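In case you want the letters, here they are:
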Amino acid sequence: MKLYIKYMVSLRCKMVVKQEFQKLGINDLTIELGMVETVADVTESQQEQLKINLLKSGLELLDDKKKILIEKIKNVIIEMIHYSEDLPKTNYSDYISEKLDYDYTYLSNIFSEVKGITIQQFIIIHKIERVKELLLYDEFNLTEIAYKMHYSSVAHLSNQFKKITGLSPSFYKQLKQKRKDNLENM
């Protein structure tokens, strides 16, 4: 049986979900971002209890088909940007369409209708969040980050970064250093 869970976007969320299933005595399961597959069926009462317990952790058991599809789209994008070593070499639209086995236009229309932004805008927002992480870790310079995140140039990355955050990448990095210096001087 497959169950879909909204807001399950990290490894920590996966651990919380696993614990909630174990509390209900359901141990034989596979957990992926946004989805849990159990070997045995989950009863109505177990689903109700799961729904209540997950809400306490900020997660939501989904039953609406559109919402489930939206969560699948979001999880494919989040996994692709935040948890994959390399971004796909193909177009994001082809990648998402192939992963979910739906026509991209259909996915795009439903996503825009429900979320109020396009899939492309959602991807850009998450790419910038990933860039922010990489800048804070200080492992890569901006040129390496632009290459890793498949930007055509550092200028393209910088323009998108500024459009989303209101700051240039270098200024964002300086803010991090100022915060660190302030903490050390306390």
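In case you missed it, the structure is sitting above this.
A brief look at the structure comes next. As the structure is a prediction and not an experimental result, all values here were calculated from the model. Every chain is numbered on its own, with residues counted from 1 as its sequence reads. Predicted model: local features are reported for residues with pLDDT of at least 70 only, side-chain atom pairs are reported and counted for 80 or more only, and whole-chain, interface and lining totals are derived from all residues. By convention in this description, side-chain values take in all heavy atoms of the structure and omit both hydrogens and water.

## Let's talk about the sheet that holds strand β4 (residues 60–62)
- Pairing between two strands requires that DSSP report at least two bridges joining them. A run of H or I in DSSP becomes a helix once it reaches four residues, and a run of E becomes a strand once it reaches two; helices and strands are each numbered from the N terminus. The four strands are arranged β2-β3-β1-β4 in an open sheet whose pairing can be described as antiparallel. Whereas interior strands pair on both sides, the edge strands pair on one side only; in this sheet they are β2 (29–32) and β4. Averaged over all neighbouring strand pairs, the angle between strand axes comes to 25 degrees, with direction disregarded.
- Where strand β1 (residues 2–6) and β4 come together, three bridges link them in antiparallel fashion. Bridged to Ile5 within β4 is Leu61. All axes are obtained by fitting lines to C-alpha atoms, using only the stretch in contact for helices, and the reported angles, taken between N-to-C directions, cover 0 to 180 degrees.

## Considering helix α1 (residues 11–23)
- An ideal rise of 1.5 Å per residue puts 18 Å on 13 residues; α1 measures up with 19 Å between its terminal C-alpha atoms.
- Throughout, exposure labels follow a simple rule: accessible area from a 1.4 Å probe, protein chains only, divided by the maximum for the residue type, with under 20% read as buried, over 50% as exposed, and the rest as partly exposed. When we look at burial in α1, the residues that qualify are Cys13, Val17, Glu20 and Phe21. On an axial view of α1, the arc spanned by its buried residues comes to 100 degrees, and they lie on one face. In α1, the exposed positions angled more than 90 degrees off the buried face are occupied by Leu11, Arg12, Met15 and Lys23.
- The inward-facing, buried residues of α1 contact β1, β2, β3 (35–38) and α2 (44–56).
- Just downstream of α1 lies Gly25, where phi reads positive at about 80 degrees. Helices are assigned an expected span. That span is 1.5 Å times one less than the residue count. Throughout, the arc means the angular range of directions from the helix axis out to the C-beta atoms. Pairs of residues are marked as contacts when any of their non-hydrogen atoms sit within 4.5 Å.

## Topic: the nonpolar core
- The biggest cluster of nonpolar side chains holds 30 residues, and the ones touching the most others in it are Ile73, Ile77, Ile96, Ile119, Val131 and Met149.
- Broken down by secondary-structure element, the contributors of at least two residues to this core are α3 (65–83), α4 (92–100), α5 (104–115), α6 (119–137), α7 (142–148) and α8 (154–165).
- Setting aside residues up to four positions removed in sequence, Ile119 forms contacts with Ile73, Ile77, Ile96, Tyr104, Leu107, Ser108 and Phe111.
- Counting 15 residues, the second largest nonpolar core, distinct from the first, contains Leu3, Ile5, Cys13 and Leu29. Grouping buried Ala, Val, Leu, Ile, Met, Phe, Trp, Tyr and Cys residues that are joined through side-chain atoms within 4.5 Å yields what is termed a nonpolar core.

## Details of α4
- Residues of α4 that are buried include every one of Tyr92, Ile96, Ser97 and Leu100, and no others. Looking down the long axis of α4, one finds its buried residues gathered within 130 degrees of arc, a one-sided arrangement.
- Looking at the buried residues of α4, the elements they touch are α3, α5 and α6.
- Backbone geometry just after α4 places Asp101 at a positive phi near 60 degrees.

## Topic: the packing of α3 against α6
- Viewed as axis vectors pointing N to C, α3 and α6 meet at an angle of 30 degrees, and their least axial separation amounts to 10 Å. Regarding α3 and α6, the two cross each other, and that crossing is right-handed. Here α3 contributes Ile73, Lys74, Ile77, Ile78, Ile81 and His82 to the contact with α6, which in turn contributes Ile119, Phe122, Ile123, His126, Lys127, Glu129, Arg130 and Glu133.
- We call Asp, Glu, Lys and Arg charged. Ala, Val, Leu, Ile, Met, Phe, Trp, Tyr, Cys and Pro are nonpolar, and the rest, Gly among them, are polar. Here the contact of α3 with α6 is built from residues that sort into seven nonpolar, two polar and five charged. Handedness of a helix crossing follows the sense of rotation of the near helix relative to the far helix, less than a right angle counterclockwise being left-handed and clockwise being right-handed.

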